[in-house]
Amino acid sequence: MVFPLSDVDAPSSDTVRLRQAGINFYVGNDHLGNGDLYIGENEFSWIRSDGHGISLDYPSISLHAISKDESSFVHPCLYLMVHNQSNGNGIENAETESQDEDESEDGIVEMRFVPEDPSVLEEMFKIVSTCQALHPDPADSMSDSENGDNLFANLCENFNPPSHQASAGGDGNDHDNDDEDEDESPFHMEAGPGEYEDAEDG
């Protein structure tokens, strides 16, 4: 099944950070045409000359990257992983007659935007990053807040203050924990390498 396009109006020029003509659009390996790409402050849109295209909100873009690996795709491109709004997320007004074969089980659609001049990919990537930062995902903020609350609760629950005993008139030499070693830090962090030349999570 070919990915469904819809009628899309060009965004206001006041909010568009970059308009790039001659962009070939692919969903999976399906080529859906050549059109103009609008990277705006509030939406990411691609529109063909017949007015059909897509419009994405930034929280729906879970990852964007520059891909130049010819083993995964033949053309250098701006690669996007997008939550499907036909299931309540980022692709506006898409028809939902049947499940798209290019959509994975968790509702993720892989999109590629191929410019005629690959040298513009770096600028496209940077502007998407800038605009996406203007629209943080509310779910991420809520998750960060919950994680912080849980960490504080765990620290309070596991905190054992040192015991000090002293009697009136004593010399203060009775200490239960003088010889105990310091506890090891409960935190451990690891970072893994990315798979793309430039990539950012949404």
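Analysis parameters
Residues numbered from 1 in each chain as written. Predicted model: local features only at pLDDT ≥ 70, side-chain atom pairs only at ≥ 80, totals over all residues. Heavy atoms only, no water. Helix = DSSP H or I, 4+ residues; strand = E, 2+ residues; numbered from the N terminus. Buried < 20%, exposed > 50% of the residue type's maximum accessible area, 1.4 Å probe, protein only. Contact = heavy atoms within 4.5 Å. Areas by Shrake-Rupley, 256 points an atom, 1.4 Å probe, with all protein chains shown as cover. Phe/Tyr/Trp six-rings, centres within 6.5 Å; stacked < 30°, edge-to-face > 60°. Salt bridge = Lys/Arg side-chain N within 4 Å of Asp/Glu carboxyl O. Polar contact = N/O pair within 3.5 Å; in protein donor to acceptor, adjacent residues only side chain to side chain. Core = buried A, V, L, I, M, F, W, Y, C linked by side-chain atoms within 4.5 Å. Pairing = 2+ DSSP bridges. Expected span 1.5 Å × (residues − 1). pLDDT = per-residue confidence, 0-100.

**Remarks on the overall build of the protein**
Right, on to step 1. The helix and strand tally for the protein stands at 2 helices and 9 strands.
Right, on to step 2. Shown N-terminal to C-terminal, the secondary structure of the protein runs as helices and strands in the order β-β-β-β-β-β-β-β-α-α-β.
Right, on to step 3. Residues counted as buried form 35% of the 202 residues belonging to the protein.
Right, on to step 4. Here the contacts in the protein between residues at least 6 apart in sequence split such that 63% fall between residues at least 24 apart.
Right, on to step 5. For the protein, the accessible area works out to roughly 12800 Å², and carbon and sulfur atoms hold 44% of it.

**Some words on the packing of aromatic side chains**
Right, on to step 1. Tallied over the full model, the rule gives 4 aromatic pairs.
Right, on to step 2. The interplanar angle of 70 degrees and the centroid separation of 5.1 Å between the aromatic rings of F44 and F113 together place this pair among those described as edge-to-face. Taken together, the positions of F44 in strand β4 (residues 44-48) and F113 in strand β8 (residues 108-115) put the pair 69 residues apart, joining distant regions of the chain. Here F44 matches F113 in class, with each residue buried.
Right, on to step 3. By the ring-pair criterion, three or more aromatic residues cluster together here, those being F25, F44, W46 and F113.

**Some thoughts on the pattern of salt bridges**
Right, on to step 1. A complete count under the given rule lists 3 salt bridges for this structure.
Right, on to step 2. When the shortest N-O distance is used, the salt bridge between D36 and R19 registers 2.7 Å. A residue pair is termed long-range when its members are at least 10 positions apart, and D36 in strand β3 (residues 30-40) and R19 in strand β2 (residues 16-27) qualify at 17 residues.
Right, on to step 3. With a closest N to O distance of 2.8 Å, R48 and D50 form a salt bridge.
Right, on to step 4. Taking relative accessible area as the criterion, D50 reaches 44% and is therefore assigned partly exposed.

**Quick word on the environment of D36**
Right, on to step 1. It is 8.7 Å that separates the C-alpha atoms of D36 and N24, two residues lying 12 residues apart in sequence.
Right, on to step 2. For D36, the residues in contact, after removing those within four places along its chain, are R19, Q20, A21, G22, S45, W46 and I47.
Right, on to step 3. A polar side-chain atom of D36 sits 2.7 Å from a polar atom in the side chain of R19.

**Some remarks on the nonpolar core**
If you look at soluble globular proteins, the nonpolar side chains tend to sit buried side by side.
Right, on to step 1. If you look at the biggest cluster of nonpolar residues, it comprises 29 residues, and the most contacted ones within it are I39, F44, M111 and F113.
Right, on to step 2. Contributions of two or more residues to this core are made by β2, β3, β4, β5 (52-56), β6 (61-67), β7 (77-83), β8 and α1 (121-133).
Right, on to step 3. When residues of this core are assigned to their parent elements, the largest contribution, 6 residues, is made by α1.
Right, on to step 4. Beyond its immediate chain neighbours, meaning those up to four positions away, I39 contacts V16, R17, L18, F44, Y58, M124, I127, V128 and C131.

**Comments concerning the pairing of β4**
Right, on to step 1. Most of β4 sits inside the fold, with 4 of its 5 residues counted as buried.
Right, on to step 2. The sheet contact formed by β3 and β4 spans 5 bridges and is antiparallel. Residue G35 lies in a different strand from β4, and its bridge partner there is R48.
Right, on to step 3. The hairpin formed by β3 and β4 contains 3 residues between the paired strands.
Right, on to step 4. Sheet topology places β4 next to β5; 4 bridges connect them, and they run antiparallel.

**Let's talk about α1**
Right, on to step 1. In this model, α1 (13 residues) spans 18 Å end to end at C-alpha, consistent with the 18 Å of a helix rising 1.5 Å per residue.
Right, on to step 2. For α1, the complete set of buried residues consists of L121, M124, F125, I127, V128, S129, C131 and Q132.

**Here we look at the confidence of the model for the protein**
Right, on to step 1. Of all residues in the protein, 57% attain a pLDDT of 70 or more, and the chain-wide mean is 75.
Right, on to step 2. Predicted confidence is poor over residues 163-172, with pLDDT under 50, and the contacts of this stretch with residues over four places away or in other chains come to 5 contacts.

**Some thoughts on the pairing of β2**
Right, on to step 1. The buried count for β2 comes to 9 of 12 residues, which makes it a mostly enclosed element.
Right, on to step 2. In the sheet, β2 pairs with β3 via 9 bridges, with the strands oriented antiparallel. Directly across from V16, in β3, lies its bridge partner G40.
Right, on to step 3. Inspection of the sheet shows β2 paired to β8 by 5 bridges, in the antiparallel sense. Looking at β8, one finds that V27 is bridged to M111.

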